[in-house]
Amino acid sequence: MIKNYQKLAIVGEVGSGKTQLIRTISDISPFETDVQSSVDIGKEFTTVGIDYGRLMLDSDMALGLYGLPGQKRYAFLWDMVNQGLWGLLILVKHGTGFNAEMFESILGHFRSPQSYTPILVGISHCEQATPQSLDAMISAIEHSLCSHAIVAPIIPIDPRDIESSLILLELFDSLNSASQEATPDESV
Amino acid sequence: MKRVGYTSKLNIDLSDTSYSSEILKIVNNSRKKNKSLGITGVILFSGVTIFQFLEGNAEEIAKLIHKISRDPRHRDFSIVLNCKGDECLFPDWSMRLVSAGTAFQKEVINKIHQHCDITFDLTSTLTIKSPSHSDYSKNPTAERASPKKQIPPKNYQHTIKSSAFQLKAWPRSTQVELTRDITRLCSALSTGPKTLDNLRANAYFSNEATLLKNITLLDNLKLLTYASQAIMNVHTKPIANHQNKDEGMKSRFSQALKRFVGSVKMNA
Ligand SMILES: Nc1nc2c(ncn2[C@@H]2O[C@H](COP(=O)(O)OP(=O)(O)OP(=O)(O)O)[C@@H](O)[C@H]2O)c(=O)[nH]1
Ligand SMILES: Cc1cc2nc3c(=O)[nH]c(=O)nc-3n(C[C@H](O)[C@H](O)[C@H](O)COP(=O)(O)O)c2cc1C
Ligand SMILES: [Mg+2]
């Protein structure tokens, strides 16, 4: 029985590495996945177009991984997982031009003043990128974040790489710890 | 068609005779560059206060805004407008200089008001007092941002010790390695303004010297805003996620995750 379950939403454009990342993270799980329920839960989501995987952290603790397409017309899928998220990872693919409109519609949908969800932006397909082109892409992303008053880390990631995936989990852990410490009535 | 507007304050001494030539230099250079990028817009000056409105291709605008926001010739940069439109509002002006207090300025502002769904209060731009050089000394952060004056470390420490600050943007991986310390510091500073005491209270930072070093690093990269200028962020300050009633559950989850990451790294 899983008693402690957190959810990570991974949203991104076609080919940005959602499926790959979910596979990489699920595969390093040290605990036996409860095959029966995983398949059941998985089926429920895959039939509607959500990638599903999970990382077992203990016999009763797991991180659910939900891969969601980035186009706004799939917002109904976003709503299926957008409740008490542990984190939102937005994957953008380097080299195809930054789609600011898609990116900002994701930001607008997932982050409101009422719901604080830790956000992280991962740039995939960038192992061949020059520092200049990476910088230009980060600038565009920073601008979109800034215009939504969101401060979030933007990191290059390789969804095929275990270490890269671990860094991502550590960052989300750090963002979550910080948000728990932030008290709403903190006066300046 | 993307439309973006921001306000900022010029780091130009108003008593300086080169004041207007500096402004003209900025505007003339902008005109040339904007023309080649297909960007148009207006820039309003009132003393040291600026409101600039830019419109054009989204990607080009994003790149330019990023460049402008890091220009050391001004400070207190804050985006106040960001929307889309079907047509150019100022198709003929690659960057038109508009002076404060004129009927023309009213016209320009009204036009922007009509076409952009803006929720910010433009009256501050409309009713700015006449320029006064004491502007500088009144603003405690002006010195910090001014490229002309190098602040000795002692003064600087005084600033971080006496005010709350927060993160404007995360450092880029191309600038700084995201060590565990930097990651924790940035995480803490991205949830709202913090004082040095707030940070110390979080037991994370065992080493005061490292903490100060990292704050200095972030400040040198111009990634910190001080609470007095964090007006934009006051309204949008994230509210901690209290939906999850069981905080203990989250902290057990965090511990399990750390153990897990540690064990995978060890086996690698
Ligand atoms: N070289 C390289 N390949 C990557 C990277 N990330 C993902 N890929 C590969 O790109 C391909 C597409 O990745 P997927 O994970 O299927 O992408 P997706 O986001 O699930 O795409 P859709 O399901 O079509 O929306 C796969 O072959 C991945 O292995 C990366 O950072 N570098
Ligand atoms: C208040 C202000 C407004 C500016 N507006 C523009 C502008 O509209 N277009 C532009 O190209 N540069 C503008 N700049 C200058 C940019 O910050 C930057 O210096 C310039 O684009 C140099 O580009 P380069 O590094 O490609 O030479 C502005 C600078 C300031 C201080
Ligand atoms: Mg896929």
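Structure: above.
Below is a summary of the structure that appears in this document. The structure displayed is predicted, hence computed values, not measured ones.

To continue, consider the site of ligand 1. All names here are of chain A. Around ligand 1 sit 15 residues in total, of which Lys18, Thr19, Gln20, His125 and Glu127 are the nearest. Within the side chain of glutamine 20, a nitrogen or oxygen atom sits 2.7 Å from an oxygen atom of ligand 1. One of the side-chain N or O atoms of arginine 160 is found 3.2 Å from a nitrogen atom in ligand 1. Burial of ligand 1 by the protein amounts to 68% of the accessible area it has alone, namely 650 Å². Among the elements that line the shell around ligand 1, the one with the most residues is helix H1 (residues 18-27), at three residues. A per-class count over the shell around ligand 1 returns three nonpolar, seven polar and five charged.

Turning to the environment of A:Leu63, a few remarks are in order. Examined against the element boundaries, A:Leu63 turns out to sit in strand E3 (residues 61-69). Judged by relative accessible area, A:Leu63 falls into the buried class, the value being 0%. Remark: the alpha-carbon pair of A:Leu63 and A:Asn4, spanning 59 residues in sequence, is separated by 8.5 Å. Setting aside anything within four residues of it in sequence, one finds A:Leu63 in contact with A:Tyr5, A:Gln6, A:Lys7, A:Leu8, A:Gly53, A:Arg54, A:Leu55, A:Trp86, A:Leu169 and B:Phe253.

Taken residue by residue, the interface counts 53 residues in chain A and 55 residues in chain B. Counting each side, the surface lost to burial between chain A and chain B is near 5000 Å², with a carbon and sulfur contribution of 60%. Run the count over chain A and chain B and you get seven salt bridges. Between A:Glu104 and B:Lys2 there is a salt bridge whose closest N-O contact spans 3.5 Å.

Across the ten residues that make up helix H8 (residues 180-189) of chain B, a large majority, seven, are buried. Looking only at H8(B), the buried set comprises B:Ile182, B:Thr183, B:Leu185, B:Cys186, B:Ser187, B:Ala188 and B:Leu189.

All names here are of chain B. Where burial is concerned, most of strand E3 (residues 49-56) is hidden: eight out of the eight residues are buried. Along E3, one buried face is formed by Thr49, Phe51, Phe53 and Glu55 and the opposite face, lined by Ile50, Gln52, Leu54 and Gly56, is buried too. Where strand E1 (residues 2-10) and E3 come together, eight bridges link them in antiparallel fashion. Residue pairing across strands places lysine 2 opposite glycine 56, the latter belonging to E3. Pairing of strand E2 (residues 40-46) with E3 involves seven bridges; the strand directions are antiparallel. Residue pairing across strands places phenylalanine 45 opposite isoleucine 50, the latter belonging to E3. Between E2 and E3, which follow one another and run antiparallel, lie two residues, and glycine 47 among them has a positive phi close to 65°.

Attention shifts here to the packing of helix H5 (residues 131-147) of chain A against helix H2 (residues 58-69) of chain B. For the pair H5(A) and H2(B), the least separation of the axes is 8 Å and the interaxial angle reads 85°. Considering their axes alone, H5(A) and H2(B) lie roughly perpendicular with respect to each other. Of the residues in H2(B), those touching H5(A) at A:Ser139, A:Ala140, A:Glu142 and A:His143 are B:Ala62, B:Ile65 and B:His66. Its residues placed into classes, the contact of H5(A) with H2(B) shows three nonpolar, three polar and one charged.

Residue and element names in this part refer to chain B. Strand order across the open sheet formed by five strands is E4-E1-E3-E2-E5, with mixed pairing between neighbours. Looking at the sheet topology across the chains shown, the edges are occupied by strand E4 (74-84) and strand E5 (96-99). Adjacent strand axes in the sheet meet at a mean angle of 15° when their direction is disregarded.

This brings us to the packing of helix H4 (residues 100-110) of chain A against H5(A). Residue and element names in this part refer to chain A. Two numbers describe how H4 lies on H5: the axes approach to 10 Å, and their chain directions differ by 35°. Seen along the crossing, H4 lies across H5 with a hand that is right-handed. On H5, the residues touching Ala100, Phe103, Glu104 and Leu107 of H4 are Ile141, Ser144, Leu145 and Ser147. Taken together, the residues that form the contact of H4 with H5 break down as five nonpolar, two polar and one charged.

Residue and element names in this part refer to chain B. Around ligand 2 sit 15 residues, and of these Ser30, Lys33, Asn34, Lys67 and Asp71 come closest. With respect to ligand 2, the side chain of lysine 33 contributes an N or O atom lying 2.6 Å from an oxygen atom. Contact with the protein chains hides 78% of the accessible area of ligand 2, taken as 620 Å² for the molecule alone. Within the residue set of the shell around ligand 2, elements represented by two or more residues are helix H1 (19-37), E3 and H2. Of all the elements, H1 adds the most residues to the shell around ligand 2, at four residues. The residue makeup of the shell around ligand 2, split by class, is seven nonpolar, four polar and four charged.

Definitions and cut-offs
Residues numbered from 1 in each chain as written. Chains lettered and ligands numbered in written order. Predicted model: local features only at pLDDT ≥ 70, side-chain atom pairs only at ≥ 80, totals over all residues. Heavy atoms only, no water. Near = heavy atom within 4 Å. Polar contact = N/O pair within 3.5 Å; in protein donor to acceptor, adjacent residues only side chain to side chain. Areas by Shrake-Rupley, 256 points an atom, 1.4 Å probe, with all protein chains shown as cover. Helix = DSSP H or I, 4+ residues; strand = E, 2+ residues; numbered from the N terminus. Nonpolar A, V, L, I, M, F, W, Y, C, P; charged D, E, K, R; others polar. Buried < 20%, exposed > 50% of the residue type's maximum accessible area, 1.4 Å probe, protein only. Contact = heavy atoms within 4.5 Å. Buried area = accessible area lost by both parts, 1.4 Å probe. Salt bridge = Lys/Arg side-chain N within 4 Å of Asp/Glu carboxyl O. Pairing = 2+ DSSP bridges. Axes fitted to C-alpha atoms, helices over the stretch in contact; angles between N-to-C directions. Parallel < 35°, antiparallel > 145°, perpendicular 65-115°, else oblique. Left-handed = near helix turned anticlockwise from the far one by under 90°.

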